[in-house]
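The primary structure of each chain is shown beneath.
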Amino acid sequence: MRVGTQVAAALAAGKPVLALESTIITHGLPRPRNLAVALEAEEQLRTAGVVPATIGVLHGVGVVGLSTAELHELADDDEVVKLSVRDLPIAKVRGLTGGTTVAATAFFAHQAGVKVFSTGGLGGVHRGASATFDESADLIALATYPIVLVSAGVKSILDIPATLERFETLNVPIVGYRSKNYPGFYVSDSGYKVDYQVDSPAQIAELARARDELHLSCAVVVANPVDPAYELDRELHDATLIKALAECETRGIHGHDITPFLLDYMQRETSGESLEANLAVYRGNVALGSEIAKALAE
Ligand code: PSU
Ligand code: MN
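Residues numbered from 1 in each chain as written. Chains lettered and ligands numbered in written order. Predicted model: local features only at pLDDT ≥ 70, side-chain atom pairs only at ≥ 80, totals over all residues. Heavy atoms only, no water.

1. Section: the overall build of the protein chain
Across its full length, the protein chain holds 13 helices and 13 strands. Against the 2.2 N^0.38 benchmark of 19 Å for 298 residues, the protein chain shows a C-alpha radius of gyration of 18 Å, consistent with a compact globule. Considering the protein chain as a whole, with its 298 residues, one finds that 55% of them fall into the buried category. Taking the intrachain contacts of the protein chain between residues at least 6 apart in sequence as the baseline, contacts between residues at least 24 apart amount to 73%. As presented, the protein chain carries roughly 13000 Å² of accessible surface, and 54% of it is formed by carbon and sulfur atoms. The protein chain carries 24 positive and 37 negative side-chain charges, and their two centres are separated by 4 Å. (Helix = DSSP H or I, 4+ residues; strand = E, 2+ residues; numbered from the N terminus. Rg over C-alpha atoms; globule rule 2.2 N^0.38 Å. Buried < 20%, exposed > 50% of the residue type's maximum accessible area, 1.4 Å probe, protein only. Contact = heavy atoms within 4.5 Å. Areas by Shrake-Rupley, 256 points an atom, 1.4 Å probe, with all protein chains shown as cover. Lys, Arg positive; Asp, Glu negative; His and termini not counted. Charge placed at Lys NZ, Arg CZ, Asp CG, Glu CD.)

2. A look at empty space enclosed by the protein
Here the structure, examined in full by the defined rule, presents two cavities of 30 Å³ or more. Of the pockets and cavities examined, the largest cavity occupies roughly 60 Å³. In terms of lining, the largest cavity is formed by Leu 20, Glu 21, Ile 24, Ile 25, Leu 29, Asn 34, Val 37, Ala 38, Thr 54 and Tyr 282. Secondary-structure elements contributing two or more residues to the lining of the largest cavity are α2 (23-28) and α3 (33-47). The greatest single-element share of the lining of the largest cavity, amounting to three residues, is contributed by α3. Val 37, Glu 40, Ala 41, Gln 44, Leu 279, Tyr 282 and Arg 283 are the residues that line the second largest cavity. Listing elements by their share of the lining of the second largest cavity, those giving two or more residues are α3 and α13 (273-297). (1 Å grid on protein atoms, 1.4 Å probe; cavity = no way out; pocket = protein on both sides within 12 Å on 5 of 7 lines; lining within 4 Å. Points joined across faces, edges and corners; volume = space filled by probe spheres on them.)

3. Quick notes on the environment of Phe 167
Structurally, the position occupied by Phe 167 is in helix α9 (residues 160-169). When the C-alpha positions of Phe 167 and Ala 143 are compared, they lie 8.1 Å apart, and in sequence the two are 24 residues distant. When near neighbours in sequence (up to four residues on either side) are disregarded, Phe 167 contacts Leu 122, Leu 139, Leu 142, Val 172, Ile 174 and Val 221.

4. Thoughts on the site of ligand 1
The immediate surroundings of ligand 1 are formed by 16 residues, with Lys 82, Ser 136, Asp 138, Lys 155 and Thr 259 found nearest. One of the backbone nitrogen or oxygen atoms of Gly 121 is found 3.3 Å away from a nitrogen atom of ligand 1. Between Thr 259 and ligand 1, the recorded distance is 2.7 Å, taken from a side-chain N or O atom to an oxygen atom. Bound to the protein, ligand 1 loses 93% of the 480 Å² it would expose on its own. Judged by the fraction of its atoms near the pocket grid, ligand 1 is located in the largest pocket. (Near = heavy atom within 4 Å. Polar contact = N/O pair within 3.5 Å; in protein donor to acceptor, adjacent residues only side chain to side chain. Sits in = over half its atoms within 2 Å of the grid points.)

5. Observations regarding the layout of surface pockets
Approximately 670 Å³ is the volume found for the largest pocket. Lining of the largest pocket is provided by 32 residues; of these, Lys 82, Thr 101, Ser 136, Asp 138 and Thr 259 occupy positions nearest its centre. Here the element with the most residues in the lining of the largest pocket is α2; it accounts for four residues. Considered class by class, the residues forming the lining of the largest pocket number nine nonpolar, 15 polar and eight charged. By volume, the second largest pocket is sized at about 390 Å³. For the second largest pocket, the lining is made up of 17 residues, of which Val 172, Pro 173, Ile 174, Asp 195 and Tyr 196 are closest to its centre. When contributions to the lining of the second largest pocket are tallied by element, the ones reaching two or more residues are α9, β9 (174-177) and β12 (196-198). A breakdown of the residues in the lining of the second largest pocket according to their chemical character gives 11 nonpolar, two polar and four charged. (Nonpolar A, V, L, I, M, F, W, Y, C, P; charged D, E, K, R; others polar.)

6. Topic: the side chain of Ser 274
Within the element layout of this structure, Ser 274 appears in helix α13. Not counting chain neighbours up to four residues away, the residues in contact with Ser 274 comprise Tyr 186, Leu 232, Met 266 and Gln 267.

7. Digging into the packing of helix α10 (residues 201-213) against α13
Put simply, α10 and α13 touch, their axes get as near as 8 Å, and they point 60° apart. Judged by the angle between their axes, α10 and α13 are oblique. Where α10 crosses over α13, the handedness of that crossing is right-handed. Here α10 contributes Pro 201, Ala 202, Ile 204, Ala 205, Ala 208 and Arg 209 to the contact with α13, which in turn contributes Leu 288, Glu 291, Ile 292, Ala 295 and Leu 296. When grouped by side-chain class, the residues that make up the contact of α10 with α13 number nine nonpolar, no polar and two charged. (Axes fitted to C-alpha atoms, helices over the stretch in contact; angles between N-to-C directions. Parallel < 35°, antiparallel > 145°, perpendicular 65-115°, else oblique. Left-handed = near helix turned anticlockwise from the far one by under 90°.)

8. Describing the pairing of strand β8 (residues 148-151)
Burial of β8 is two-sided: the residues Val 148 and Val 150 facing one way and the residues Leu 149 and Ser 151 facing the other way are all buried. Sheet analysis places strand β7 (residues 116-118) next to β8, joined by three bridges and oriented parallel. Each bridged residue has a counterpart across the sheet, and for Ser 118 the counterpart in β8 is Val 150. One ladder, built from four bridges, connects β8 with strand β13 (residues 220-223); its direction is parallel. Residue pairing across strands places Val 148 opposite Val 220, the latter belonging to β13. (Pairing = 2+ DSSP bridges.)

These figures come from the coordinates and say nothing about function on their own.
What follows is the structure in structure tokens.
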């Protein structure tokens with residue numbers, strides 16, 4: 001693993017740093033928007049006085065704080081792979097270049113000492129998981145690496161109540177930001193609730209400190225609903241989702257290809273409307289993550 005110079009300097013000085021994942025760049029967003037979004041998120045952070053630490057793997061080496069040139073490299077690589085934690089030894093031995101999922105990003109962030117991480121949507125339990133056993137390694141990672149993770153919930157392409165149950169089983173606390181409605185990524189309310197609400201970045205920092213004092217390894221997961229003004233039209237959302245899941249079944253897509261396939265399908269079939277919602281979600285999570293990073297640096 002290598003820590004970028006700006007990130008290393010900020011960490012040494014106790015300045016706020018926010019981790020960002022890179023599967024969103026390599027497999028979550030279409031080109032060329034992927035690079036634009038990655039650069040925009042970093043710019044948003046610098047303006048807020050927070051050092052961005054976008055994390056990915058280049059030629060087998062985990063990088064915490066990719067440079068602008070390295071972001072270009074990752075965004076434009078035709079061979080780029082999706083790397084979760086289990087893939088990291090293989091990536092190292094074979095010198096692979098890849099986007100890191102929430103799980104792998106949380107691993108590297110924690111190793112480097114970055115305490116807060118913002119993403120768009122989390123992986124979770126897939127629909128039909130009782131037969132396929134398909135649940136994202138993000139869940140296990142969040143039980144293992146004590147960071148603060150900001151997301152807008154899990155997408156409704158997943159089984160949301162089962163995902164919430166698994167978080168409970170895995171001892172991962174979830175708090176809603178200024179709401180007890182668990183968000184559904186594209187929409188601000190998934191129809192399911194969380195048990196606890198927090199109302200400020202300072203309260204989240206306090207929770208992370210309490211977790212550390214208890215020597216618990218779990219992440220604190222912050223569910224940050226998208227502003228309802230930017231959410232995806234619900235009817236369009238529900239109709240597209242049904243088609244996406246059917247198409248996935250027909251084509252026999254499985255394993256780590258499912259999430260990228262569903263995301264891409266939603267984007268194409270909503271003529272980019274889901275993409276705009278996706279970007280609003282991401283901006284909101286980067287903004288909240290930057291405030292939490294500042295509260296933790298105080
Ligand atoms: N959900 C999204 N956008 C994404 C992902 C999930 O709304 O880009 C990515 C994240 O990197 C997440 C990964 O960690 O997909 C989960 O993949 P899987 O379901 O294969 O674990
Ligand atoms: Mn999976």
